[in-house]
Amino acid sequence: MIVLSCNKISKRYVVDEILRDISFTVEDKDKIGLIGVNGSGKTTLFKILAQEISKDDGEIYIKKNLKIGYLQQHTNISSEKQVFDECLQVFEPLIEMEKNLRNLEQKISIESSKSKSEKLNRLMNEYSQLLEEFNNLNGYGYKSEIRGVLKGLGFQDEDMEKKINVLSGGQKARLSLAKLLLEKPELLLLDEPTNHLDIDAISWLESYLNEYKGAAIIISHDRYFLNNVVSRVFHLENQELKSYNTNYSGFMKQRKKELELLKKQYENQQREIKRQEEIIRRFSNYGGSRYIKQAQSRQKLLDKMKAVEKPTNNKKVKISFKPKIRSGRQILNIENLEKSFGDFKLLEDINCNIYRGEKVGLIGPNGIGKTTLFKMILGKIPYDNGNIILGHHVNIGYFDQEQTGLNLDKTVIDEIWDQNPDFDHYTIRTILSRFLFIGDDIFKEIKDLSGGERGRLSLLKMMLSNANFLLMDEPTNHLDIDSKEILEDALLDYEGTLLIISHDRYFLNTVTDKILELTEDGINEYLGNYDYYLLKKNEVIIEDEEEQKTKTQIKLKRKKERKKSKLEKRKKANIKTLEKLIEEKERKIEELDTQLCDPKLYDEPEKIIELSKERDVIHSDLNSLYERWVNLSEN
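Reference entry: report on the structure contained in this document. Sequence order as written defines residue numbering, which begins from 1 separately in each chain. Where totals are concerned, whole chains, interfaces and linings use all residues; where local detail is concerned, this predicted model gives features only for residues with pLDDT of at least 70, and gives and counts side-chain atom pairs only at 80 or more. The side-chain values count all of the structure's non-hydrogen atoms but skip hydrogen atoms and water molecules.

## Considerations on the overall build of the chain
For the purposes of this entry, the term helix denotes a DSSP run of H or I that reaches at least four residues, the term strand denotes a run of E that reaches at least two, and both are numbered from the N terminus. Across its full length, the chain holds 20 helices and 18 strands. Its C-alpha atoms put the chain at 115 × 80 × 65 Å along the principal axes. Each residue gets one of three labels from its accessible area relative to the maximum for its type: buried under 20%, exposed over 50%, partly exposed in between, using a 1.4 Å probe on protein chains only. The burial tally for the chain puts 44% of its 635 residues in the buried class. If you take every contact in the chain between residues at least 6 apart in sequence, the share linking residues at least 24 apart comes to 70%. Positive and negative side-chain charges in the chain, numbering 103 and 107 respectively, have mean positions lying 5 Å apart. Residues are treated as being in contact if the distance between any of their heavy atoms lies within 4.5 Å. When charges are counted, Lys and Arg contribute as positive and Asp and Glu as negative, whereas His and the chain ends are disregarded. Charge placement uses NZ in Lys and CZ in Arg. For Asp and Glu, CG and CD serve respectively.

In structure tokens, the structure reads:
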């Protein structure tokens, strides 16, 4: 059942077009990821759907009495209420219903002491109906529900009675999300819901949304989260929206194939335009009213041709970032480390080793002491007991969200060139382009850059410095997906050593080769990426499940695998055949293009028309082959 539908929605701010002809439908229980680079119009679309701002054109159909819940990315709750009491507001109708039940109980008690009357029957019926409704709305369990949601989002028992005005910004954001989930709207609009959540809270939210009975549209840069929650993706690009019936990984595969096809179509169209322009030029030069008319006719057709947009150049410049100073094999050794704040012991029995070239992810719930551990390694705060030993020739670089190491009055190019005066102009521009500073961007003053741009520049500066051991605290926060991929590629090419605090599981999975899990009892080490960490954590459960499988189940599974393998082989053979046919058609078009460019044909217009028709037929066949190739590759 459709709960919301948009048809040709557009939005402009003065002369800037933000959204153009946006059309889509949302069905009951849909879980949709809304993605696009920062500034593409995602939040604007949310505000239009939540009726906070108006659309300029188009129509929106909303199911009658549809309850929409909107979580904004930046929230600011101000209240003297306690956390638990703030959530109780959601259940005010239930609380009022409970009061009515107690009042009815008193009235029934008084009336029942009298002789049986019509009034008593009426009270009993009213009480029965109200009690049934109360039970259906989980009247006796709403307090437990509040505690469950708050704890799932990272609040502890002692946080329940805290006043809202003393909470941090992150805690207020989590409280806003908790209230929204407790309201249970039929359509959730969630703008970056995983910001300020640790990995455990994100996992809880994934489970909650997967079981959620309503629909949800989610703006998120957390690709791992999107993979686990959404089954559709809306991609906003160039003011337009395209829908994909898959999760994030499936979207990326389809997107790459689309860009390949678009590139071929663009190149073919450019060749066709050049060919037509050459024919028009020849006809015009040849003279005669007949040829001039033909030239004008072709020019009209050319003017009407819908241009294929030039695809984004995704070709990445490969640059290896090698530290200027080579460290010893052992980078960091921590032994029996302890840290307390007053009577509260934050860290105890912390032991770990990090070696040259390792890319290490440091994970753990919020408040467990990850940032404190970083500060002790950096020498910013003292520790109580134990040892922190840095290896031979280890130089630490620290990446923080404030980008305090940048000179705001310098331009982008000067910030990098002043630190690396030996680089020539070509090298500087090449390195900056790797971090998406292209064209006039390199002459921007740093104070005018966005947070994401400063983050990219700060990372580049650090990777080109004398540092060979980089400590990074939540480096992907507030970056769009494209910027995250730039960061990942750069760190994968970095030949130094990394220690990264992050809640971005997709990022950890891509970049790290070792996970350190900080717990109340110390550090657990896992020699692999985030998926390997999850695998090891769940190994016992998986083994138990495997043991419970019967021999028949295993046999059926092997049969399915063999069948799947056969189908895969057949598909590969079909793809290979199609690619051969595509190659032959492209070669034939090239031969025809060569013939059509022959000056001898100038005096044979009939021959030109005949060859052009033949080329059009082959070109049409080629497009059909491309479509079959894309469909076969996607399935």
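Here the narrative resumes.
## Let's talk about the packing of helix 14 (residues 451–463) against helix 15 (residues 481–493)
In the contact formed by helix 14 and helix 15, the axes pass within 11 Å of each other and the chain directions differ by 5°. One way to sum up the angle between helix 14 and helix 15 is to call them roughly parallel. Residue-level contacts link Arg456, Leu459 and Met463 of helix 14 to Ser483, Ile486, Leu487, Ala490 and Leu491 of helix 15. Polarity classes work like this: nonpolar for Ala, Val, Leu, Ile, Met, Phe, Trp, Tyr, Cys and Pro, charged for Asp, Glu, Lys and Arg, and polar for all others, with Gly in that last group. For the contact of helix 14 with helix 15, the class distribution of residues is six nonpolar, one polar and one charged. For helices, the fitted line uses only the C-alpha atoms of the stretch in contact; every axis is such a line through C-alpha atoms, and the angle between N-to-C directions lies from 0 to 180 degrees. These descriptions rest on fixed angle ranges, namely under 35 degrees for roughly parallel, over 145 for roughly antiparallel, 65 to 115 for roughly perpendicular, and the rest for oblique.

## Comments concerning the pattern of salt bridges
A side chain with one charge can pair with a side chain of the opposite charge if their charged atoms come near. Between Lys or Arg on one side and Asp or Glu on the other, a salt bridge is scored when a side-chain nitrogen of the former is within 4 Å of a carboxyl oxygen of the latter. Applying the stated criterion to the full structure yields 34 salt bridges. The partner of Arg255 in a salt bridge is Glu237, with the nearest N and O atoms 2.5 Å apart. In this pair, Arg255 is assigned in helix 9 (residues 248–286) and Glu237 in strand 8 (residues 232–237), connecting sequence segments 18 residues apart. Glu358 is the salt-bridge partner of Lys514, the closest N and O atoms lying 3.0 Å from each other. Within this pair, whereas Lys514 is found in strand 17 (residues 514–519), its partner Glu358 is found in the loop between strand 11 (344–355) and strand 12 (359–363), the two being separated by 156 residues in sequence. Taken as a pair, Lys514 and Glu358 share a single burial class, namely buried. Residues joined in a network through salt bridges with shared partners are Arg223, Lys484, Glu488 and Asp504.

## What to know about the environment of Ser79
With respect to the secondary-structure elements, Ser79 resides in the loop between strand 5 (68–71) and helix 2 (83–88). Given the relative accessible area of 14%, Ser79 is considered buried. Between the C-alpha atoms of Ser79 and Asn165, which are 86 residues apart in sequence, the distance is 5.9 Å. In this structure, Ser79 is in contact with Glu86, Ile164 and Asn165, ignoring residues within four places of it in sequence. Looking at Ser79, its side chain comes within polar contact range of the main-chain nitrogen of Lys81, at 2.9 Å. Polar contact criterion, stated in full: a pair of N or O atoms within 3.5 Å, where within protein one must be able to donate a hydrogen and the other to accept it, and residues adjacent in sequence count only if both atoms are side-chain atoms.

## Observations regarding the packing of aromatic side chains
When two rings of Phe, Tyr or Trp (its six-membered ring) have centres within 6.5 Å they constitute a pair, described as stacked for plane angles under 30 degrees, edge-to-face for angles over 60, and tilted for the intermediate range. As enumerated under the stated definition, the model contains 13 aromatic pairs in all. For the ring pair Phe24 and Phe234, a centre distance of 4.9 Å and an interplane angle of 50° mean the geometry is tilted. Highlighted residues: Phe24 in strand 2 (residues 16–27) and Phe234 in strand 8, separated in sequence by 210 residues. Taken as a pair, Phe24 and Phe234 share a single burial class, namely buried. An angle of 85° between the planes, with centres 5.0 Å apart, marks the rings of Tyr526 and Tyr533 as edge-to-face. A residue is classified by how much of its surface remains accessible, and Tyr526, at 13% relative accessible area, is buried. Of the aromatic side chains, those joined through ring pairs into one cluster are Tyr224, Tyr526, Tyr530 and Tyr533. Seen from the ring of Tyr355, Arg329 lies directly overhead, with NZ or CZ sitting 4.5 Å from the centre. Think of it as a cone above the ring: NZ of Lys or CZ of Arg counts as a charge over the ring if it is within 6 Å of the ring centre and within 35 degrees of the ring normal.

## Thoughts on the nonpolar core
In a soluble, globular protein the nonpolar side chains are often hidden away together inside. Buried residues of nine kinds, namely Ala, Val, Leu, Ile, Met, Phe, Trp, Tyr and Cys, make up a nonpolar core once their side-chain atoms join them within 4.5 Å. Residues Ile146, Leu150 and Leu175 are the most contacted members of the largest nonpolar core, which totals 54 residues. A per-element tally of this core places helix 6 (residues 169–183) first, with six residues. Discounting residues that sit within four places of it in the chain, Ile146 has contacts with Phe84, Cys87, Leu88, Phe91 and Leu182. Ile416, Ile431, Leu449 and Leu459 belong to the second-largest nonpolar core, a separate cluster that totals 33 residues.

## Considerations on empty space enclosed by the protein
A 1.4 Å probe that fits into a set of points on a 1 Å grid over the protein atoms alone but cannot get out defines a cavity; an open set with protein on both sides within 12 Å along at least five of seven lines defines a pocket, and lining residues are those with an atom within 4 Å of a point. Grid points are joined across faces, edges and corners, and a volume is the space filled by probe spheres set on the points. In the structure shown here, the tally under the stated rule is three cavities of 30 Å³ or more. What lines the largest cavity is a set of 13 residues, among which Leu71, Ala173, Glu192, Pro193 and Asn195 lie closest to the centre. If one sorts the elements of the lining of the largest cavity by residue count, helix 6 sits on top with three residues. Class assignment of the residues belonging to the lining of the largest cavity gives a composition of five nonpolar, five polar and three charged. Quantified by volume, the second largest cavity comes out at close to 40 Å³. Taken together, Asn268, Arg271, Glu586, Ile589, Glu590, His619 and Leu622 make up the full set of residues lining the second largest cavity. Take the lining of the second largest cavity: its biggest share by element is three residues, from helix 19 (residues 551–596).

## Digging into the environment of Leu346
With respect to the secondary-structure elements, Leu346 resides in strand 11. Those residues in contact with Leu346, other than ones at most four positions away along the chain, are Lys339, Ser340, Phe341, Gly367, Ile368, Gly369 and Thr372.

## Re unusual backbone geometry
Negative phi values dominate among residues other than glycine, just as trans dominates among peptide bonds. A positive phi angle, close to 75°, is found at Lys29, a residue other than glycine. Inspection of the secondary structure assignment puts Lys29 in the loop between strand 2 and strand 3 (31–35).

## Some details on the pairing of strand 11
As judged from the eight bridges shared by strand 10 (residues 330–341) and strand 11, these two strands associate in the antiparallel manner. When the bridges of strand 11 are listed, Lys339 appears paired with Leu347. Strands qualify as paired when DSSP identifies two bridges or more between them. Between strand 10 and strand 11, which follow one another and run antiparallel, lie two residues, and Gly342 among them has a positive phi close to 65°.

## Some words on the sheet that holds strand 10
Spatially, the three strands line up as an open sheet ordered 11-10-13, and their pairing is antiparallel. Of all strands in the sheet, those with a lone pairing partner are strand 11 and strand 13 (385–390), marking the two edges. Neighbour to neighbour, the strand axes of the sheet diverge by 15° on average, direction disregarded. Those strands touched by helix 11 (residues 370–377) are strand 10, strand 11 and strand 13, and its axis lies near 120° from that of strand 10.

## Here's the deal with helix 13 (residues 425–434)
All buried positions along helix 13 are accounted for by Ile428, Thr430, Ile431, Leu432 and Arg434. Where helix 13 ends, the next residue or the one after it, Leu436, has phi of about 65°, a positive value.

## Thoughts on the sheet that holds strand 8
Ordered in space as 5-6-7-3-8-9, the six strands form an open sheet in which the pairing is mixed. Each edge of the sheet is formed by a strand with only one pairing partner; in this case those strands are strand 5 and strand 9 (240–244). Each strand axis lies, on average, 15° off the axis of its neighbour in the sheet, ignoring direction. Judged from the four bridges that link them, strand 3 and strand 8 form a sheet pairing that is parallel.

Keep in mind that these numbers describe shape and distance, not what the molecule does.
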